[in-house]
Amino acid sequence: MAAASITSAPSPTYLYYRHALSVRIMHWTNFIALTILFMSGLHIFNAHSALYWGDSSYSGRPPLFEITARQRANGEPVGVTRVFGREFDTTGVLGVSKYANGEINQHAFPAWATIPGGYSLSMARDWHFFFAWIFVLNGVAYVFYSLFSRHLKRDLAPTGSELRQIGTSIVDHVKFKHPSGEEAKRYNVLQKLAYLSVIFVLLPLVILAGWAMSPWLNSLIPGWTDWLGGRQSARTIHFIVAWLLFLFLAVHVFEVIISGFWNHMRSMITGRYRIKTEA
Amino acid sequence: MRSAEESKRRFLLGAGGLSALLLTGCDRLSETEWFPKVLRTHETLSRSVHQLLGSRPSMAQEFTEADVSPFFRSNGTSMPEGEEYKALVKSGFANWQLEVGGLVEEPTRLSLAELRAMPRRTQITRHDCVEGWSAIGKWTGVPLSNVLALVKPRPKARYVVFHCADAMGGSLTPEYYYESIDMDDALHPQTILAYGLNGNDLPIPNGAPIRLRVERQLGYKHAKYVMRIELVESFANIAGGQGGYWEDNGYQWYAGI
């Protein structure tokens with residue numbers, strides 16, 4: 001971008017205050033909490049690396065999804081991932097991987113993806129539940145803030161005209177074309193819809209499915225977990241939504257990188273985003 | 001566009017470095033004296049909120065015969081070691097007696113036949129293991145509250161401790177399995193000493209002759225092979241002092257989550 005401004009006439013730029021302090025704090029708190037929740041969650045999954053539908057894991061039906069290890073005839077371990085009965089060799093990453101010291105790790109997810117790295121279910125649960133509290137409290141604070149400060153209405157709710165231009169926005173995204181000038185002060189419509197579905201669909205769902213795994217919370221209103229299909233279904237939903245959130249993070253970071261990485265980083269840290277006024 | 005390329009390269013390097021830092025950082029923190037204690041505050045927090053939400057005794061979900069798992073998994077010990085337990089099995093637990101003592105007015109010993117003659121409760125419930133799996137079983141047993149009524153707990157009694165026959169961690173330094181629950185759970189209508197599973201005598205892999213069912217908590221609280229029940233004011237002086245075998249090995253005492 002610097003190169004482009006040298007060839008053309010230097011375009012005047014200014015810093016626009018884009019993100020309020022409270023949003024910035026809650027954004028990074030959420031990022032840290034979700035990262036730790038995801039990685040400690042993968043660790044907890046390693047304690048029983050299979051997913052089922054219904055209430056029981058031993059209903060007579062095979063698991064929907066499973067990561068396991070088996071030995072070859074020559075004794076070599078093979079990492080196996082089974083999805084709806086179809087088997088994939090995932091040696092090196094899933095089922096069989098290596099610890100940093102080169103030793104063979106036969107847990108489902110590799111040590112580099114889990115917190116803690118070395119196997120300790122009790123420690124992983126402590127990490128998970130502590131940061132679950134931080135994540136939930138932060139989330140509640142965010143929802144109240146965005147309602148009362150009108151952040152939700154002003155910055156996140158798409159307008160009718162924006163929704164009508166959703167096709168154009170998709171084409172822009174595919175072409176990696178990003179808004180500039182006044183347009184860059186607002187979130188675009190796809191961005192708004194992505195944020196809204198994460199904040200109001202995926203995050204509440206991952207919390208609810210997490211609660212559904214607690215035997216004590218199950219007893220509060222006996223049978224409420226049937227709404228999610230039962231405890232094992234809830235565990236499966238929790239796992240899938242966690243990966244959807246990971247997918248969101250990947251796309252989010254990708255978009256940040258290709259649309260002016262340092263500008264975005266500055267605006268999420270100091271609040272100020274550089275706007276180029278169009279000639 | 002060199003600067004953009006450079007930005008991306010630096011970002012990827014940074015992200016890689018950051019995640020490595022996060023991992024080693026988290027692992028280092030896990031090994032400190034203080035940080036696990038900070039993390040563990042979630043236990044008190046969750047337990048307090050749970051108790052606040054459920055002022056009445058909340059009941060675990062009960063299922064129908066059709067829901068019963070065809071196979072009820074045994075985890076941990078499936079056959080306690082030692083001659084003593086072998087002899088009990090040989091006699092069909094005819095000589096087995098449950099000792100109930102500690103902070104009670106009238107300590108007693110109960111045979112399996114005496115327990116079977118007491119009021120019984122049958123419940124089809126879901127067993128949730130800390131590892132993540134679940135299984136549904138039909139349990140029959142005597143409510144713990146009936147047993148406690150016999151021995152008359154003293155007002156100082158705050159916890160009920162279950163001492164078991166299975167030695168963990170090898171026979172050289174046997175650490176016997178044990179568990180503890182508070183009086184709220186002990187007097188809960190679904191808390192039973194189960195001697196039957198799915199209409200049959202409780203199988204050895206599932207804890208014969210009796211195992212505890214404490215339905216609003218995870219599987220490791222449901223002590224198998226129970227030999228002795230002790231009412232105490234504090235479990236700080238029992239074994240590792242954390243209230244149970246797995247608790248002594250780092251697991252949470254409150255397993256409602």
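As shown above, the structure is provided for reference.
This report concerns the structure included in the present document. What you see is a predicted model; the values in this text were computed from it and never measured. (Residues numbered from 1 in each chain as written. Chains lettered and ligands numbered in written order. Predicted model: local features only at pLDDT ≥ 70, side-chain atom pairs only at ≥ 80, totals over all residues. Heavy atoms only, no water.)

## Notes on the overall build of chain B
When helices and strands are counted, chain B shows eight helices and 10 strands. The C-alpha extent of chain B, read off along each of the three principal axes, is 85 × 45 × 45 Å. By the burial criterion, 50% of the 257 residues in chain B qualify as buried. Intrachain contacts of chain B at a sequence separation of at least 6 include 67% that bridge at least 24 residues. Surface accessibility of chain B: about 12300 Å² in total, with carbon and sulfur atoms responsible for 55%. Each charge sign in chain B was given a centre, from 28 positive and 30 negative side chains, and these centres are 4 Å apart. (Helix = DSSP H or I, 4+ residues; strand = E, 2+ residues; numbered from the N terminus. Buried < 20%, exposed > 50% of the residue type's maximum accessible area, 1.4 Å probe, protein only. Contact = heavy atoms within 4.5 Å. Areas by Shrake-Rupley, 256 points an atom, 1.4 Å probe, with all protein chains shown as cover. Lys, Arg positive; Asp, Glu negative; His and termini not counted. Charge placed at Lys NZ, Arg CZ, Asp CG, Glu CD.)

## Let's talk about the packing of helix α2 (residues 21–46) of chain A against helix α10 (residues 261–269) of chain A
Between two packed helices, both the angle of their axes relative to each other and the distance between the axes serve to describe the pair. All names here are of chain A. One can describe the packing of α2 onto α10 by two numbers: an axis separation of 8 Å at closest approach and a directional angle of 110°. Considering the angle they form, α2 stands roughly perpendicular to α10. Residues Arg24, His27 and Trp28 of α2 form the contact with α10, whose own contacting residues are Met265, Ser267, Met268 and Ile269. (Axes fitted to C-alpha atoms, helices over the stretch in contact; angles between N-to-C directions. Parallel < 35°, antiparallel > 145°, perpendicular 65-115°, else oblique.)

## Overview of the pairing of strand β5 (residues 159–168) of chain B
Residues and elements named next belong to chain B. A large share of β5 lies buried, amounting to nine of its 10 residues. Across seven bridges, the pairing between β5 and strand β6 (residues 175–182) is antiparallel. By the bridge assignment for β6, valine 160 is matched with isoleucine 181. Bridging between β5 and strand β10 (residues 226–232) involves six bridges; their strand directions are antiparallel. Considered in β10, the bridge of valine 160 is made with leucine 231. (Pairing = 2+ DSSP bridges.)

## Quick look at empty space enclosed by the protein
All chains considered together, the criterion is met by two cavities of 30 Å³ or more. Taken as a whole, the largest cavity holds about 70 Å³ of empty space. Surrounding the largest cavity, A:Pro215, A:Asn218, B:Ala60, B:Gln61, B:Phe63, B:Arg126, B:Asp128 and B:Glu215 form its lining. At the level of elements, α8 (215–220) of chain A together with β3 (121–128) of chain B are the ones that each hand at least two residues to the lining of the largest cavity. The residue inventory of the lining of the largest cavity, partitioned by class, reads three nonpolar, two polar and three charged. Taken as a whole, the second largest cavity encloses approximately 40 Å³ of empty space. Considering the residues around the second largest cavity, the lining is formed by A:His43, A:Asn46, A:Tyr99, A:Asn105, A:His107, A:Phe109, A:Pro110, A:Ala111, A:Thr114, A:Gly117 and A:Tyr119. (1 Å grid on protein atoms, 1.4 Å probe; cavity = no way out; pocket = protein on both sides within 12 Å on 5 of 7 lines; lining within 4 Å. Points joined across faces, edges and corners; volume = space filled by probe spheres on them. Nonpolar A, V, L, I, M, F, W, Y, C, P; charged D, E, K, R; others polar.)

## Topic: the packing of aromatic side chains
In the structure shown here, the tally under the stated rule is 32 aromatic pairs over all chains. Ring geometry for B:Tyr159 and B:Trp253: centres 5.7 Å apart, planes at 85°, overall edge-to-face. On the criterion of sequence distance, the pair formed by B:Tyr159 in strand β5 and B:Trp253 in the segment after α8 (245–248) is long-range, its members being 94 residues apart. In this structure B:Tyr159 comes out as buried when scored by relative accessible area, which is 13%. Linked through ring pairs, A:Phe38, A:Phe45, A:Phe65, A:Phe109, A:Phe239, A:Trp243 and A:Phe246 together constitute an aromatic cluster. Above the ring of A:Tyr273, the side-chain terminus of A:Arg18 is found at 4.4 Å from the ring centroid. (Phe/Tyr/Trp six-rings, centres within 6.5 Å; stacked < 30°, edge-to-face > 60°. Lys NZ or Arg CZ within 6 Å of the ring centre and 35° of its normal.)

## Quick look at the environment of A:Ser57
In this fold, A:Ser57 is placed in the loop between β2 (50–51) and β3 (65–71). Put simply, A:Ser57 and A:Gln165 are 108 residues apart on the chain and 46 Å apart in space, counted from C-alpha to C-alpha. With residues near it in sequence (within four places) discarded, A:Ser57 still touches A:Tyr52, A:Gln232, B:Trp133 and B:Ser134. At 3.4 Å, the side chain of A:Ser57 forms a polar contact with the side chain of A:Gln232. (Polar contact = N/O pair within 3.5 Å; in protein donor to acceptor, adjacent residues only side chain to side chain.)

## A word on the sheet that holds β3(A)
All names here are of chain A. Sheet architecture is open: four strands sit in the order β2-β3-β4-β5, paired in antiparallel fashion. Only two strands of the sheet have a single partner each, and these edge strands are β2 and β5 (86–89). In the sheet, strand β4 (residues 77–83) pairs with β5 via four bridges, with the strands oriented antiparallel. Residue threonine 81 lies in a different strand from β5, and its bridge partner there is phenylalanine 88.

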